[in-house]
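Observations on chain architecture
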Amino acid sequence: MFEKKSTLIAAALSAAFALPLAAQAQTSVTVYGKLYPEINHVSITGASPAGADGSTLTRGAGTASASATTMDSPNSRLGFRGSEDLGGNLKAIFQLEMGFQTDTGAGDSTLFSRNTFLGMSGDFGTIRLGNMDTVYKELGDTLPFLGITSGNFMAISNILSKPTIGGSASAGSFHLRRTNSIYYTSPEFSGVQALVDYSLGEAANGVTAKGSVLSTGLKYESGPIYAALAYEMHKDMFGASTSLAGTSAGNANQPTLANVTSTGTAINGATSKDDAMRGTFQYRFRPDLRAEVNLAHLRYNESGGAIGKFSNFQQTTWSISGQKDFGAVSLVAAYAQASSGSCSLVGGASCSTSNMGAKMLNLGAGYNFSKRTLLFAVYSTLRNDSAALDTNWQNGKMTAGQDSSIMSIGMSHSF
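Residues numbered from 1 in each chain as written. Predicted model: local features only at pLDDT ≥ 70, side-chain atom pairs only at ≥ 80, totals over all residues. Heavy atoms only, no water.

A word on the overall build of the chain. When helices and strands are tallied, the chain shows 4 helices and 19 strands. Taking 415 residues into account, the globule formula puts the C-alpha radius of gyration at 22 Å, and the chain, at 24 Å, falls close to it. Along the first, second and third principal axes, the C-alpha atoms of the chain reach 100 × 55 × 40 Å. Among the 415 residues that make up the chain, the fraction classed as buried is 45%. Working note: accessible area of the chain is about 18600 Å², and carbon and sulfur atoms make up 61% of it. Put simply, the chain has 29 plus and 28 minus side-chain charges, and the middle of one group is 2 Å from the middle of the other. (Helix = DSSP H or I, 4+ residues; strand = E, 2+ residues; numbered from the N terminus. Rg over C-alpha atoms; globule rule 2.2 N^0.38 Å. Buried < 20%, exposed > 50% of the residue type's maximum accessible area, 1.4 Å probe, protein only. Areas by Shrake-Rupley, 256 points an atom, 1.4 Å probe, with all protein chains shown as cover. Lys, Arg positive; Asp, Glu negative; His and termini not counted. Charge placed at Lys NZ, Arg CZ, Asp CG, Glu CD.)

Listed below in C-alpha cells is the structure:
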C-alpha cells in the first residue's frame, strides 16, 4: 500500500511541475553568417539614343558606356537564431539577421534588416511574425549559383522576377523580403507543404490594404524531385507607374503615362493590383548533378487613370540552370529570358512593347576547400533589347538598351 501511495504522489508531483519545468527550459542560440567578397570587372555598353522610343513604355537615355574594376561584398551577413522547447512538441523560435559589406565594414542602414522574426512551431505547423522573404521568393529559383546569388549580379531573379520596364525597386519586384509580415507554414503531408504570408500595408491613412503583399504557394519535395507553385499579389504599389515616372529606373521613362507622381503618390485616386505566378521544377539526377527550370508570368494592372494613362503590362519569363560537381570542383550555368510582353493604355490607345525582351547567361566554377570555404570565378552577361531596362549592375542602374558583361573572382565562407 505504501509503495502504491508513493507512486501516486510521484506521478502527481511530476504532473504538477511539468509545466513550470518546461517554462524554465533554456533557449538555445546559434551564431551564423556568410561572407563572400569578390573582385569584379564590369563593362556597360549599348545604350539606346536619348529620347528614342523603342516601345510605348520606355525611351532611351543615351548614357555613356562604363567600365570599372571594383570590390563588392553583396549580402554578407551575420545572424542569431534560436529556439526554446515549451513542451508538448511546442517551440518558440526566433532569428535576427543583419547585412554588412566585407570590403568596407559598413553595415545596413537598418539593423537586422534581413530575415528577422519571432514565432512558434508545433503540430499545427509554424507561424512567424517579422521581416521575411516572401513565399514567392523562397519557393522559386532554388538552385543556388555556388551559394553566392543573394543580392549579387548573377541572380537570375533580375530577369525572372522583375519587369523589363525598369522595376528594380521594391514596388515592381517579386523577389524580396517584406516587412510587417505574418508567415504560416503548414505541416508536411506526403511531401506536400502549403505556405502563406501577408505583409500589412500600414499606410499612413490607416488603410492597411494599401501597400500590402499577399504571397502563397505549394511545394512538393520527395526523393530527387522538387516542385513548387507560387503566387504573389501587390496592392496599390504601382510597380509599373513608379518606373514610368522615373522613380525606380535609371532614367525618366514615360512620366506622362504614369498614374503616380515623381514621389510615388497616386494621381486622382488611381489604384493598382500587380501579381505574378511561377512554377519551379528541380530534379536531382545524382547527388553531384542537379537541374532546374522556372516559368513565370508577371502582370502589372492599374485602374482609375485618365485617358491615355498606363493600364496594363504583362510578360512571361523563364530560366534553366544546372550544377555538376567533380569532387571538390563545381561547375554551374544559368540562363534566363524575358519576353517583350504586351501593354494597354486607358481608353484603348495603341501600346507597343516592341524590343522589350531581355536575356541573361551566367557561367561559374568553384573549388570547395571544405563545406564552408569556396573559391569561385563567374562570368555573367545581360543583354537588353533596345527598349528593355533590366539591370544587374551593383554600382548603378542600366538605362534602356544597355548591356552588361561582368567577370568576377572571389571567396565565400560560411560559419
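Right, let's talk about the side chain of Ser76 for a bit. Assignment of secondary structure puts Ser76 in strand β4 (residues 76–87). Residue classification places Ser76 among the buried residues on the basis of a relative accessible area of 0%. Each residue touching Ser76, except ones within four places of it in the same chain, is listed here: Lys34, Leu35, Tyr36, Met98, Gly99, Phe100 and Thr102. (Contact = heavy atoms within 4.5 Å.)

Volume-wise, the second largest pocket comes out at about 250 Å³. The wall of the second largest pocket is formed by 15 residues, among which Leu146, Gly147, Asn368, Lys371 and Leu374 lie closest to the centre. Those elements that provide at least two residues to the lining of the second largest pocket are β18 (373–384) and β19 (403–414). Residues of the lining of the second largest pocket, tallied by class, amount to 3 nonpolar, 8 polar and 4 charged. (1 Å grid on protein atoms, 1.4 Å probe; cavity = no way out; pocket = protein on both sides within 12 Å on 5 of 7 lines; lining within 4 Å. Points joined across faces, edges and corners; volume = space filled by probe spheres on them. Nonpolar A, V, L, I, M, F, W, Y, C, P; charged D, E, K, R; others polar.)

With that settled, the discussion passes to the pattern of salt bridges. Enumeration according to the criterion identifies 7 salt bridges in this entry. As a salt-bridge pair, Glu97 and Arg114 come within 2.7 Å of each other at their nearest N and O atoms. Highlighted residues: Glu97 in strand β5 (residues 90–100) and Arg114 in the loop between β5 and β6 (116–122), separated in sequence by 17 residues. The salt bridge involving Asp288 is made with Arg286; its shortest N-O contact spans 3.1 Å. One network of salt bridges, in which partners are shared, links Asp133, Lys137 and Arg177. (Salt bridge = Lys/Arg side-chain N within 4 Å of Asp/Glu carboxyl O.)

With that settled, consider the packing of aromatic side chains. This structure, assessed with the given rule, holds 5 aromatic pairs. Pairing Phe174 with Tyr300 gives two aromatic rings, centres 5.9 Å apart and planes at 55 degrees, and the pair type is tilted. Of this pair, Phe174 sits in the loop between α3 (157–160) and β8 (177–185) while Tyr300 sits in strand β13 (residues 289–303), and the two are 126 residues apart along the sequence. You can call Tyr300 buried: its relative accessible area is 0%. Geometrically, the ring pair formed by Trp318 and Tyr335 is tilted, given 5.5 Å between the ring centres and 55 degrees between the ring planes. With Trp318 in strand β14 (residues 310–326) and Tyr335 in strand β15 (residues 329–338), this residue pair connects regions lying 17 residues apart in the sequence. On the accessibility criterion, Trp318 (33% relative accessible area) is partly exposed. Accessibility expressed as a relative area gives 23% for Tyr335, which makes it partly exposed. (Phe/Tyr/Trp six-rings, centres within 6.5 Å; stacked < 30°, edge-to-face > 60°.)

Although it is not a glycine, Asn75 adopts a positive phi angle of roughly 55 degrees. Position of Asn75 among the secondary structure elements: in the loop between β3 (66–72) and β4. Given the relative accessible area of 25%, Asn75 is considered partly exposed. In this structure, Ser190 is a non-glycine residue whose phi angle is positive, near 50 degrees. Inspection of the secondary structure assignment puts Ser190 in the loop between β8 and β9 (192–199).

In this section: the state of the cysteines. Enumeration according to the criterion identifies 1 disulfide in this entry. A disulfide bridge connects Cys343 with Cys351, and the sulfur atoms are separated by 1.8 Å. Across the S-S bond linking Cys343 and Cys351, the dihedral sits near -115 degrees, which makes this disulfide left-handed. Residue Cys351 is classed as buried on the basis of its relative accessible area of 18%. (Disulfide = S-S within 2.5 Å.)

Now for the environment of Ser386. With respect to the secondary-structure elements, Ser386 resides in the loop between β18 and β19. A C-alpha to C-alpha distance of 6.1 Å links Ser386 and Gly54, two positions 332 residues apart in sequence. Other than its neighbours up to four places away in sequence, Ser386 contacts Ser48, Asn355, Ala400 and Gly401.

With that out of the way, let us pick up the pairing of β4. As judged from the 7 bridges shared by strand β1 (residues 28–35) and β4, these two strands associate in the antiparallel manner. Looking at the pairing, Val29 lines up with Gly82 of β4. Direction of pairing for β4 relative to β5: antiparallel, over a ladder of 11 bridges. Bridge pairing links Ser83 to Ile93 in β5. Connecting β4 to the next strand, β5, in antiparallel fashion are 2 residues, including Gly88 with a positive phi near 60 degrees. (Pairing = 2+ DSSP bridges.)

Further remarks concern the nonpolar core. Formed by 33 residues in total, the largest nonpolar core has its most connected members in Leu57, Tyr136, Leu139, Leu298, Tyr300, Phe310 and Phe313. Those elements that provide at least two residues to this core are α2 (135–139), β11 (225–235), β13, β14 and β16 (342–345). The residues touching Leu139, leaving out its near neighbours within four places in the chain, are Leu195, Gly217, Leu218, Lys219, Tyr226, Ala228, Leu229, Ala230 and Thr280. One finds Phe145, Ile148, Phe153 and Ala334 within the second-largest nonpolar core, a separate group that totals 23 residues. (Core = buried A, V, L, I, M, F, W, Y, C linked by side-chain atoms within 4.5 Å.)

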